[in-house]
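Structure assessment
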Amino acid sequence: SQLPDMLREREIELGILCWPNLDPLLDQPSVALTVAEPVVFAASPALWPAGGPASIDAVLAVLPSFLLMRWWQVTPDVVMAVAGRARHHIEVPMDVGLHLALAGRGGGFFLAQEVAPHLAAGRLVAPALRDVPALSRDIALVARSAMQWEEPAVRRLVAAIRAELARQGIAVGNLLPELL
C-alpha cells in the first residue's frame, strides 16, 4: 500500500503493485507486465488427510478456523462467502495464517508461491475445491512514467523478471510492445 504513494511522490520510479491500480491519486502508471499469481486453499494434512478433491463445505467441516487473510487488493466475493459459511473464521495477516495452518489450527487461501515449499514437504495439503473457482491475485510492474522503460538498466530488469517468471512457468500479460 505504500508503493503507490512512493511512486506518486517520486520517491521511486518503478514498483510491483497489486493490479489494477485502485489508488485514485496515482494517475495512469505505465505498465510493463502483469502477472496472475495463483492462489490455493491450504491446510494441515492432519485436518485433511485425504488431500484430494472436496467440496468447500466438507473442508470447512473439519477446520477449527477458516483463516481470512486480506492480502488481496479487494477480497474476492467467493472468499468472503466461504468465510461466512465457516463455523469460525478469524482475520489474520498471511504470515500468521501460515503459522496457524502449519500448526493445524485452520486453513485458508494463500498465494501458491508462499506455500509451495510446505506443500512439497507435505507440511500442508491443497485439496482441489470442486465448488470454488480458480483464484489468483494480479500484480503489475509499473513505472511512474513510460519514459522509465527507455532506460537500459530498466530494460534489463524487465528482461530478468520475464526470464524468471518463464523459468517458473508463470504466464505474463500486458507487455509493452517495445519491451518484447
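Residues numbered from 1 in each chain as written. Predicted model: local features only at pLDDT ≥ 70, side-chain atom pairs only at ≥ 80, totals over all residues. Heavy atoms only, no water.

A few points about the packing of aromatic side chains
Cut-off, in case you're wondering: Think of it this way: a Phe, Tyr or Trp ring, Trp meaning its six-membered ring, pairs with another when their centres are within 6.5 Å, and the plane angle makes it stacked under 30 degrees, edge-to-face over 60, tilted otherwise. Every helix listed is a DSSP run of H or I at least four residues long, and every strand listed is a run of E at least two residues long, numbered separately from the N terminus. Only protein chains enter the accessibility calculation, which uses a 1.4 Å probe; a residue whose area is less than 20% of its type maximum is buried, one above 50% is exposed, and one in between is partly exposed.
Summed over all chains, the structure comprises 4 aromatic pairs. Aromatic side chains Phe-41 and Phe-109 sit 5.3 Å apart centroid to centroid with 80° between the ring planes, which places their arrangement in the edge-to-face category. One end of the pair, Phe-41, is in strand β2 (residues 30-42); the other, Phe-109, is in strand β5 (residues 107-111), with 68 residues separating them in the sequence. Residue classification places Phe-41 among the buried positions, given a relative accessible area of 3%. Classification of Phe-109 as buried rests on a relative accessible area of 6%.

Side note on helix α3 (residues 77-85)
The following threshold applies: Note that the arc is computed from the directions linking the helix axis to the C-beta atoms. Pairs of residues are marked as contacts when any of their non-hydrogen atoms sit within 4.5 Å.
Listing the buried residues of α3 in full gives Val-79, Val-82 and Ala-83. Projection of α3 onto a plane perpendicular to its axis shows the buried side chains occupying an angular sector of 100°, all on one side. Exposed side chains of α3 directed beyond 90 degrees from the buried face belong to Asp-77 and Gly-84. Packed against the buried residues of α3 are α2 (56-62), β3 (66-68), β4 (89-91), β5 and β6 (135-143).

Comments concerning the environment of Ser-1
Structurally, the position occupied by Ser-1 is in the segment before α1 (2-8). Judged by relative accessible area, Ser-1 falls into the exposed class, the value being 88%.

Some thoughts on the side chain of His-118
Within the element layout of this structure, His-118 appears in helix α5 (residues 112-120). Overall, the relative accessible area of 16% leaves His-118 in the buried class. In contact with His-118, other than residues within four places in its own chain, are Leu-98, Leu-102, Arg-123 and Leu-124.

Brief notes about the side chain of Glu-37
The residue Glu-37 is located in strand β2 in this model. When its relative accessible area of 15% is taken as the criterion, Glu-37 is described as buried. Look past the residues within four positions of Glu-37 in its chain and what remains in contact with it is Leu-111, Leu-135, Ser-136, Arg-137 and Ile-139.

Some thoughts on the pairing of β6
One face of the sheet, then the other: side chains in a regular strand alternate in exactly this way. The following threshold applies: We treat two strands as partners when DSSP finds at least two bridges between them.
In terms of burial, β6 is a largely internal element, 7 of the 9 residues being buried. Two strands pair when backbone bridges link them, and strand β1 (residues 14-18) and β6 are joined in this way by 5 bridges, in the antiparallel orientation. Within β6, the position partnered with Gly-15 by the bridge is Val-142. Here β2 pairs with β6 via 9 bridges, running antiparallel. Pairing of Ser-30 across the sheet is with Ala-143, part of β6.

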